[in-house]
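# A closer look at the structure
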Amino acid sequence: MIGKKNRSAQSGTKPVEILATSMAYQSGNPLLAALDTRIDGLDEAEIGQRLDRDGVNEVSHEKPPHWSMQLLHAFKNPFIIVLLVLAGVQLATDSSDPTGPLIITAMVAISALLGFTQEFRSTRAAEQLKAMVCNTASATRRACDGHSERIEVPVDEIVVGDIVHLGAGDMVPADLRLLSSKDLFISQAILSGESLPVEKTAPAAAEHGASSTKVQPLDLASICYMGTNVVSGSATAVVVATGSRTYLGSLARSLSGERVQTSFDRGVKSVSWLLIRFMLVMVPIVLGIQWYKQGFWEALLFALSVAVGLTPEMLPLIVTANLGKGAMAMSRHKVVVKRLNAIQNFGAMDVLCTDKTGTLTLDKIVLERHLDLHGEASEEALEYGYLNSYFQTGLKNLIDKAVLAHRDLEPMTQRYQVVDEIPFDFQRRRMSVVLGEHDGQHLLICKGAVEEMLAICTSARMDGKTLAMSPDLCEGIKRITQKLNDDGLRVLLVAVKRQQTPTDSVYGVADESGLMAVGCLAFLDPPKDSAATAIAALHRHGVVVKVITGDNEAVTRKICREVGLDSEHSVQGHDVEVLDDPALDTLVARTTVFAKMSPLQKARVVKSLQRQNHTVGFLGDGINDAPALREADVGISVDTATDIAKESADIILLEKNLMVLERGVTEGRVTFGNIIKYIKLTTSSNFGNVLSVLIASIFLPFVPLLPLQILVLNLLYDISQLAIPFDHMDEDYLRLPRKWNAADIGRFMLWVGPSSSVFDITTFALLWFIFGANTPDHQAFFQSGWFIESLFTQTLVVHMIRTHRIPFLQSVAAAPVLALTSAIIVIGVALPYTVIGAKLHMVKLPFTYFSYLGATVLAYCLLTQVVKHLYMRHYAGRWL
């Protein structure tokens, strides 16, 4: 299926041939015969044959690329491209010495394999996490003994000819032709961009054989398309196309356009272009200076090597590795990440909007009381409520399951047969079943929210008598239900109507009128013991919790009080409906509890918070949560949620627990922090190198480093950064939401970058004046000395920048960071004394140089700490 916030099909998209459209008006039996299926479903052998013929039911573009393609993609890297150009130039200018090209080839292999390994592991981990969340479809299939049964089938195992059943909250698993339907409304927003649902119906007998060529595919009332979802109603349909043969599969390329970029995406891209712009300005200057001093080819080699040093070639790799590691770490806390970039938004989240049921409460609703309209115990109210829940074919929620727990009433159902039903929707907030009695009468039983039910009741049964629904009687019922609400009980009203001389077996919303109220059902869903602790923990981490629910206001406020949320400021959906955006923003800013909210009202609240510069998370699991899940910066659902809720979410919780969410928020901030570490390291270090190389090019009679030495230095530094995803963050960094701030990156670079240039220049002076490396004959000594100093400072700056505290004393990096940076420093120091060092034209350095180097590195650390202190004081304590 297509994930959250994908583009809808463009109006200018080239028309495609849709297999389903040719079957829109075929009559039932010929249609089934053409598909070689039966109304009682397919057997196991037929299913296997069709899977072999058509493949699994998924859109092909969703598959990750093959490992060979990922390996080829690893070579599409500026670092590797420049290396290959350098190798070619070296071979062209001096084919007698293959040392340089061989070293470059080894560097290409190392860099490509590192990139491929990280991408392959991250992709495989993401696919494994996605596989933990499985959508299913209800289908009729024949068992081995020949009998038919309705079972739940994984969506990717649905085949052409399957008989499937749709209900509210279901995703349409393939392209379907309706065989029968009841008040079926489908949201086709993923395909058409139209937010309003459309009604779908099976073709009438008069339509059989009609042509569908002049009708737009999405306008065909008898066809439901893969990826759309059921808003309300129910249907039985036959699968006519799966996978890439569906309408969604045909449009896969246009639908899979670039996802809407987050501020994080734009920020990472802006950093890359910032450094590339520096390269495009500085490299030509360096080329011109060196060309003036040396020949063109030597100058070109040096300038290209400098370009490699300035290119942030590891940025995509580090970002992917951080996100992949974050996703795996979150999975250990029972949090499945469907979209890797959502991890950053998870860490930046400062407002969490959540439903009440199952997050603040135990999600174990029990029928606490069944009462008449006096508030006394009533078996009649229970019996009618049981019949309503038992015979409905739509989505059975927790309330229905609580009613059906009274299994002693099941024998009573034998006296009735289903005539029709009027499904639940979030505007009416009620649902009805129509039952046939033995005397031929029809009995309509309706249950739903109190206010909505009283609006359609014209009478009430009290003390065995039928009384007209007067205003006083209505107020009396409201007082009884309000008292139950104040006690934390959710109340549904039950009403009935007998049709003495039924004339039709098809009922609709218009028939929900003139009902007689008979009683009410009161349900209890107590708060979780862990809810108050989790909310307090989220508050400590700078996350404000707001409750947005379709439930009763009084019940919601009571639960909120018990878990430590401010319930004084609460509003209902009708309060939100009448407000324009500015007035809504003011209301939302001071309100904690939103009750009796419709799906679109929930989404409006989310958008209001976003307008006020909040990063909003939304936790929901119902059909009515899907719009808000799509609008939120990070949509969070649970594994037991409806299909449409899971499909709309970025993150899936395997356990509906706010404590799990709090751990996920922390992991998101660790991931974001480690990415920011690398970005700030790269920008400041590269900026410092630009200044150093420019100064050296102006004043030295030779190049400060040979092209090959620059490449090796760059490779060693890049390898030292690979451990950053495994680092931890200081506790105080995790206390507040962290958002992308492009301006902060630029000013950090300008403050910290020149610090390294100061000590590059002192090293130049040391090598020039103290060690006499001031002529072309002694350039190897100069280059070896600066190589080691540059590697020391570039590698140690990791420890200086990774924390706002004093490194090694107040904050110590994780073991992988310590080990890898230490190993790289040891390798760098040892390199001039090895055969490889000789091939790189490096020479051995005297012990006295390392004593000066130690003093230089210590002074560099002290200066960086001073700059850090001044920066934090100037920018209100902000560092990373």
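Residues numbered from 1 in each chain as written. Predicted model: local features only at pLDDT ≥ 70, side-chain atom pairs only at ≥ 80, totals over all residues. Heavy atoms only, no water.

Scored by pLDDT, the chain comes out at a mean of 84, with 90% of its residues at no less than 70. Per-residue pLDDT stays below 50 along residues 1-16; that stretch engages in 51 contacts with residues further than four places along the chain or on separate chains. For residues 253-260, every residue scores under 50 in pLDDT, and the model assigns this stretch 17 contacts once sequence neighbours within four places are set aside. (pLDDT = per-residue confidence, 0-100. Contact = heavy atoms within 4.5 Å.)

With that settled, the discussion passes to the pairing of strand β1 (residues 136-142). Across the 7 residues of β1, 6 count as buried, placing the element largely inside the fold. In the sheet, β1 pairs with strand β2 (residues 148-154) via 7 bridges, with the strands oriented antiparallel. Residue Thr 136 lies in a different strand from β2, and its bridge partner there is Pro 154. In sequence, β1 turns back onto β2 through a hairpin of 5 residues, with Gly 146 there showing a positive phi of about 95 degrees. Both β1 and strand β3 (residues 163-166) contribute to a ladder of 3 bridges, which runs antiparallel. Bridge pairing in β3 places Ser 138 opposite His 165. (Buried < 20%, exposed > 50% of the residue type's maximum accessible area, 1.4 Å probe, protein only. Helix = DSSP H or I, 4+ residues; strand = E, 2+ residues; numbered from the N terminus. Pairing = 2+ DSSP bridges.)

A separate point is the sheet that holds strand β20 (residues 593-595). Consider a sheet: its strands pair through backbone hydrogen bonds, and that pairing is either parallel or antiparallel. The strand order across the open sheet formed by 8 strands is β8-β23-β22-β21-β9-β18-β20-β19, and the pairing between neighbours is mixed. Since the sheet does not close on itself, it has two edges, and those belong to β8 (335-337) and β19 (570-572), each with one partner. The mean inter-strand angle of the sheet, taken between neighbouring strand axes irrespective of direction, is 20 degrees. Where strand β9 (residues 351-354) lies against strand β18 (residues 544-548), 4 bridges are found, and the strand directions are parallel. Opposite Leu 352, over in β18, you have Val 545 as the bridge partner. (Axes fitted to C-alpha atoms, helices over the stretch in contact; angles between N-to-C directions.)

Once that is clear, we can look at the packing of aromatic side chains. Tallying each qualifying case throughout the model produces 18 aromatic pairs. Both rings, one in Tyr 225 and one in Tyr 247, keep their centres 5.0 Å apart while their planes meet at 55 degrees; by these two values the pair is tilted. With Tyr 225 in the loop between β6 (223-224) and β7 (229-241) and Tyr 247 in helix α7 (residues 247-250), this pair connects stretches of sequence that are 22 residues apart. Taken individually, Tyr 225 and Tyr 247 each receive the classification buried, so the pair is uniform in this respect. Residues Tyr 849 and Phe 850 carry aromatic rings whose centres are separated by 5.6 Å and whose planes lie at 75 degrees to one another, so their mutual orientation is edge-to-face. (Phe/Tyr/Trp six-rings, centres within 6.5 Å; stacked < 30°, edge-to-face > 60°.)

Here we come to helix α17 (residues 531-540). Along α17, the residues that are buried comprise Ala 531, Ala 534, Ile 535, Ala 537 and Leu 538. All buried residues of α17 project into a common sector of 160 degrees when viewed along the axis, lining one side. The secondary structure elements touched by the buried residues of α17 are β9, β18 and α24 (658-699). Among the residues trailing α17, Gly 542 stands out with phi positive, at a value near 80 degrees. (Arc of directions from axis to C-beta.)

To continue, consider the environment of Arg 738. Within the element layout of this structure, Arg 738 appears in the loop between α25 (707-720) and α26 (742-770). Classification of Arg 738 by relative accessible area gives buried; the value is 15%. Counting along the chain gives 338 residues from Arg 738 to Asp 400, while the straight-line C-alpha distance between them is 42 Å. Ignoring any residue separated from it by four or fewer positions in sequence, one finds Arg 738 in contact with Gln 344, Gly 347, Ala 348, Phe 672, Asp 732 and Tyr 733. In this structure the side chain of Arg 738 is engaged in a polar contact, spanning 3.0 Å, whose partner is the backbone oxygen of Tyr 733. (Polar contact = N/O pair within 3.5 Å; in protein donor to acceptor, adjacent residues only side chain to side chain.)

Moving on, we come to α25. Count 3.6 residues to each turn of an α-helix, and residues three or four apart come out pointing the same way. Over its 14 residues, α25 extends 20 Å from the first C-alpha to the last, a length consistent with the 20 Å expected when each residue adds 1.5 Å. Burial runs high along α25: 13 of the 14 residues are buried. (Expected span 1.5 Å × (residues − 1).)

As a packed pair, α26 and helix α30 (residues 847-874) sit with axes 10 Å apart at the nearest point and diverge in direction by 160 degrees. On the basis of their axis angle, the class for α26 and α30 is roughly antiparallel. Read as a crossing pair, α26 and α30 show a hand that is right-handed. (Parallel < 35°, antiparallel > 145°, perpendicular 65-115°, else oblique. Left-handed = near helix turned anticlockwise from the far one by under 90°.)

As judged from the 3 bridges shared by strand β14 (residues 457-462) and strand β17 (residues 515-524), these two strands associate in the parallel manner. Residue pairing in the sheet places Cys 457 in a bridge with Leu 515 of β17. Direction of pairing for β14 relative to strand β15 (residues 465-468): antiparallel, over a ladder of 4 bridges. Within β15, the residue paired with Ala 460 across the bridge is Leu 467. Between the end of β14 and the start of β15, which pair antiparallel, lie 2 residues, with Asp 463 showing a positive phi angle near 55 degrees.

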